[in-house]
Amino acid sequence: MSEPAPGAVIVISSHVIRGSVGNRAAVFALETLGYPVWAVPTVILPWHPGHGPSTRVTVGAEDFDRLIDDLIRAPWSGEVRAVLSGYLGGAHQAEGVARLVEALRVKNPDLFYACDPVMGDAGGLYVPEATAVAMRDRLLPLASLATPNRFELSWLCGVELETNAAILEAALSLGPSRMLVTSAIPMMQGGTGNLYLSGNHALLAEHRLIDNPPNGTGDLLAALFVARLLEGLNEERALQLATASVFEIIARTGKRGADELTLERDAASLATPMAMVQMRRLLHPGQKRRS
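Quick caveat, the model's predicted, so the values are computed rather than measured.

Colleague: Looking at this structure, how should I read the pattern of salt bridges?
Modeller: Side-chain pairing between opposite charges can occur once the charged atoms of the two side chains come close. According to the stated counting rule, one finds 15 salt bridges in the structure shown. In this structure, the salt-bridge partner of D65 is R99, at a minimum N-O distance of 3.7 Å. Here D65, found in helix α2 (residues 61–73), pairs with R99, found in helix α3 (residues 91–107); they are 34 residues apart in sequence, far enough to count as distant. Between R281 and E236 there is a salt bridge; the shortest N-O distance is 2.5 Å. Note that R281 is positioned in strand β12 (residues 278–281) and E236 in helix α8 (residues 235–256), a separation of 45 residues in sequence.

What follows is the structure in structure tokens.
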């Protein structure tokens, strides 16, 4: 693995006391791959809500804005190379994230902003609609990369996505120049895939589907893919490595019977994954339109 270029990553997402979701997953992955991380919590929870009811502490509008203001004027803001946002505790936080990205880009026009629009899954939205709308209208237009799952992309575009061709068309219409869509349509039986679209590539990374995976895989994939791109790898290799790491960790977690990603025992899988991932090149929507 090549040495990551200097530069910190600001990660803005949920914080759980027990478990490996949100910031807990993203920060561990980025730091394991050599990146300094500034971690900003949007909500604080004892554990993932899927484990049962618990206390929820949301960082309110005034406090969140103060934190963002501090980061904007921090004497070390020049260290920041990328921002990754995930789960938001309310619509007010989307405006704060947008202000941060815009301010940092004044200092560094090449700042990489990855938006993981965490809002729902096949069961529907699990954030208020106002929060989802704020992510769509305020954050996605700023994003260098967006990493929705298939349900989230469908909600954002207002269309059903039953084929990978439809996913690619929706990704192209949404706006960010790079889009990584999880839970894409697999081409291999018993598999699942991550579908990636940029100006240069339409790629599908597939692996065997593992039933009932723990929460946090989307947070982990987004962080790993950002890390690999910042490392300077080409898009296909970055996608392959990020997908392989997540698959390997899910498989190892499942064998242990754990109810959370066992990242602390699988740092090697983050750095040098050995799992096999099937990479496929798909017809780019732009090529189809030119033909």
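Colleague: I would appreciate a short explanation of a nonpolar patch on the surface in the present structure.
Modeller: Together, I17, I44 and V57 make up a nonpolar patch on the protein surface, roughly 250 Å² of accessible area in all. For I17, the position within the fold is in the loop between β1 (8–16) and α1 (23–32).

Colleague: Which parts of the structure should I look at to understand helix α5 (residues 150–157)?
Modeller: In an α-helix, one full turn covers 3.6 residues, which means residues spaced three or four apart are oriented alike. Among the residues of α5, E152, L153, S154 and L156 are the ones counted as buried. Where α5 starts, the residue carrying a side-chain oxygen 3.1 Å from the main-chain nitrogen of F151 turns out to be N149. Where α5 terminates, the next one or two residues include G158, which has phi positive at roughly 75°.

Colleague: In this structure, what is going on with the pairing of strand β11 (residues 202–208)? I would like to understand it.
Modeller: If a strand is regular, its side chains alternate between the two faces of the sheet. With respect to burial, β11 is a largely interior element, 6 of its 7 residues being buried. Taking the residues between adjacent antiparallel strands as the criterion, strand β10 (residues 191–197) and β11 are bridged by 4 residues.

Colleague: Explain the sheet that holds β1 to me, please; I cannot follow it from the model alone.
Modeller: Hydrogen bonding along the main chain pairs the strands of a sheet, whether they run parallel or antiparallel. On the basis of which strands lie adjacent, the open sheet formed by 10 strands has the order β3-β2-β1-β4-β5-β8-β9-β10-β11-β12 and mixed pairing. Each of the sheet's edge strands pairs with one partner strand only, and the pair in question is β3 (57–58) and β12. Summarising the sheet, β10 and β11 pair through 7 bridges and their orientation is antiparallel. Residue pairing in the sheet places T192 in a bridge with H207 of β11. Packed onto the sheet, α1 meets β1, β2 (37–45) and β4 (80–85) and runs at close to 150° relative to β1.

Colleague: How should the packing of α2 against α3 be read in this particular structure?
Modeller: For any two helices packed against each other, the geometry is given by the interaxial angle and the distance between the axes. Running from N to C, α2 and α3 point in directions that differ by 10°, and their axes come no closer than 10 Å. Taken together, α2 and α3 sit at an angle that is classed as roughly parallel. The residues of α3 that touch α2, namely those facing A61, F64, D65, I68, D69, L71 and I72, are H92, Q93, G96, V97, R99, L100, A103 and K107. Looking at side-chain class alone, the contact of α2 with α3 contains 8 nonpolar, 3 polar and 4 charged residues.

Reading guide: rules and limits
Residues numbered from 1 in each chain as written. Predicted model: local features only at pLDDT ≥ 70, side-chain atom pairs only at ≥ 80, totals over all residues. Heavy atoms only, no water. Salt bridge = Lys/Arg side-chain N within 4 Å of Asp/Glu carboxyl O. Helix = DSSP H or I, 4+ residues; strand = E, 2+ residues; numbered from the N terminus. Patch = residues over 30% accessible without salt bridge, like charges linked within 9 Å, V, L, I, M, F, W, Y side chains within 5 Å. Areas by Shrake-Rupley, 256 points an atom, 1.4 Å probe, with all protein chains shown as cover. Buried < 20%, exposed > 50% of the residue type's maximum accessible area, 1.4 Å probe, protein only. Polar contact = N/O pair within 3.5 Å; in protein donor to acceptor, adjacent residues only side chain to side chain. Pairing = 2+ DSSP bridges. Contact = heavy atoms within 4.5 Å. Axes fitted to C-alpha atoms, helices over the stretch in contact; angles between N-to-C directions. Parallel < 35°, antiparallel > 145°, perpendicular 65-115°, else oblique. Nonpolar A, V, L, I, M, F, W, Y, C, P; charged D, E, K, R; others polar.

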